[in-house]
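Chains, contacts and geometry: an overview
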Amino acid sequence: MSPEKQEVTVEVDGRRLRISSLDKVLYPATGTTKGEVLHYYAQVAPVMLPHLAERAVTRIRWPHGVQDGSFYEKNAPQGTPSWVRTATVPTTGSRGSSRNGDTIVFPVVEDLATLTLLVNLAALELHVHQWTVGRNGRPRNADRLVIDLDPGDPAGLHECCQVALMVREALAERDLDCRPVTSGSKGLHLYAELPGRMRSDASTALAKEVAETLQKQHPTLVTATMTKARRSGKVFLDWSQNAASKTTISPYSLRGRERPTVATPVTWAEVEEGAEDEEGLRQFRYDEVLDRVAEHGDLFGA
């Protein structure tokens, strides 16, 4: 058996798992291997798991590395052990029954063993909804609101930081505090905890209201329109990720980009610096994120 395909058995949280292909390179540009990816997730788990807990997880898998194809996986993978918690959710993402009675059986990542199990399948990206799952296995109403700041070329993270300050002010006017997270791709995500749980259609409407208000106030920089052709040089405030069926990359998740960047919680001081200076804020690699956690702890949970 080639080194790339060799398997080892490890014990994680009292669970025995078979881990394979530790030497397989998943990020050719940096030579980052599957073993290094697994190590990153094990190291970041103490701050990441609280933000995955009670949330159904959609994964994007790159079995042959980021240079090759990927696919979304929502259902728990075939052969998932019985000890993995799951949630059965209507395919529509609605709170009632789906039109055809179809459901998705999502995994819920609440421990390092489950996280390791999924990452071993080359699930580099972990995406979650803005709602949680109750102990009865049913989706609850949304407990947070998210606005995804997505820049259209030639706009970039610098412009996202400028718009983020506007969004922070707009949410504060609605008695909501938000926290910034770099997307690990091009943009920035802003999360606001809701004072009480809210139906996803209501939180979506709230996010859309904020986006459309800022579009009217700053039409040359902000757009609330999804049409990509109208985003050039502007920052799209994607309010739609609050819909019940939509997901957002989890804080601390790797991205399946050319380099192993991470959705990284940052401070508002860093965002303010990024708004002033084009080089003031950038996307962070996984090793830098571990250094940041060692120095600052969990900025997203602070």
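Structure's up top.
An account of the accompanying structure is given in this report. Note that this is a predicted model, so its numbers are computed, not measured. (Residues numbered from 1 in each chain as written. Predicted model: local features only at pLDDT ≥ 70, side-chain atom pairs only at ≥ 80, totals over all residues. Heavy atoms only, no water.)

A few words on the overall build of the protein chain. Scanning the protein chain from N- to C-terminus turns up 6 helices and 19 strands. A compact globule built from 302 residues would reach a C-alpha radius of gyration of about 19 Å, and the protein chain, at 19 Å, matches this within 12%. In terms of overall dimensions, the protein chain has a C-alpha envelope of 60 × 45 × 35 Å along the principal axes. Scored against the burial criterion, the 302 residues of the protein chain give a buried share of 53%. If you sum the accessible surface of the protein chain, you get close to 13900 Å²; carbon and sulfur atoms cover 45% of it. Each charge class in the protein chain can be summarised by its mean position, and for the 36 positive and 40 negative side chains these summaries are 9 Å apart. (Helix = DSSP H or I, 4+ residues; strand = E, 2+ residues; numbered from the N terminus. Rg over C-alpha atoms; globule rule 2.2 N^0.38 Å. Buried < 20%, exposed > 50% of the residue type's maximum accessible area, 1.4 Å probe, protein only. Areas by Shrake-Rupley, 256 points an atom, 1.4 Å probe, with all protein chains shown as cover. Lys, Arg positive; Asp, Glu negative; His and termini not counted. Charge placed at Lys NZ, Arg CZ, Asp CG, Glu CD.)

Moving on to helix α4 (residues 200–217). Look at α4: 26 Å from first C-alpha to last across 18 residues, which is about the 26 Å you get at 1.5 Å a residue. The set of residues buried in α4 consists of Ser200, Ser203, Thr204, Leu206, Ala207, Val210, Ala211 and Leu214. Down the axis of α4, the sector holding all buried residues measures 160°, keeping them to one side. Where α4 is buried, its residues touch β10 (131–133), β11 (139–151), α3 (157–172), β13 (188–198), β14 (222–223) and β15 (235–238). (Expected span 1.5 Å × (residues − 1). Arc of directions from axis to C-beta. Contact = heavy atoms within 4.5 Å.)

Our focus in this paragraph is the packing of aromatic side chains. For the structure on display, the rule yields 3 aromatic pairs. Pairing Tyr40 with Tyr41 gives two aromatic rings, centres 5.2 Å apart and planes at 65°, and the pair type is edge-to-face. According to the relative accessible area criterion, Tyr40 is buried, its value standing at 0%. A relative accessible area of 2% means that Tyr41 is categorised as buried. Both rings, one in Tyr40 and one in Tyr286, keep their centres 5.8 Å apart while their planes meet at 80°; by these two values the pair is edge-to-face. Linking Tyr40 in helix α1 (residues 34–52) with Tyr286 in helix α6 (residues 286–296), this pair joins segments that are 246 residues apart in sequence. Its relative accessible area of 12% is what places Tyr286 among the buried residues. Through pairs of rings, three or more aromatic residues link up here, namely Tyr40, Tyr41 and Tyr286. (Phe/Tyr/Trp six-rings, centres within 6.5 Å; stacked < 30°, edge-to-face > 60°.)

The next thing to look at is the pairing of β13. Examined bridge by bridge, β11 and β13 share 7 bridges and lie antiparallel to one another. When the sheet's bridge partners are listed, Val146 is paired in β13 with Tyr191. Note that strand β12 (residues 178–182) and β13 share 5 bridges and pair antiparallel. Following the sheet pairing, Thr182 is matched in β13 by Leu188. (Pairing = 2+ DSSP bridges.)

This brings us to unusual backbone geometry. Cis rather than trans, the peptide bond between Asp153 and Pro154 has omega equal to 5°. Structurally, Pro154 can be placed in the loop between β11 and α3. In this model, Glu54 sits at a positive phi of 65°, which is unusual for a non-glycine residue. You can see Glu54 is positioned in the loop between α1 and β5 (57–61). Look at Asp175: it is not a glycine, yet its phi comes out positive at around 60°. By secondary structure assignment, the location of Asp175 is in the loop between α3 and β12.

Without other data, these values stay purely geometric and don't point to any function.
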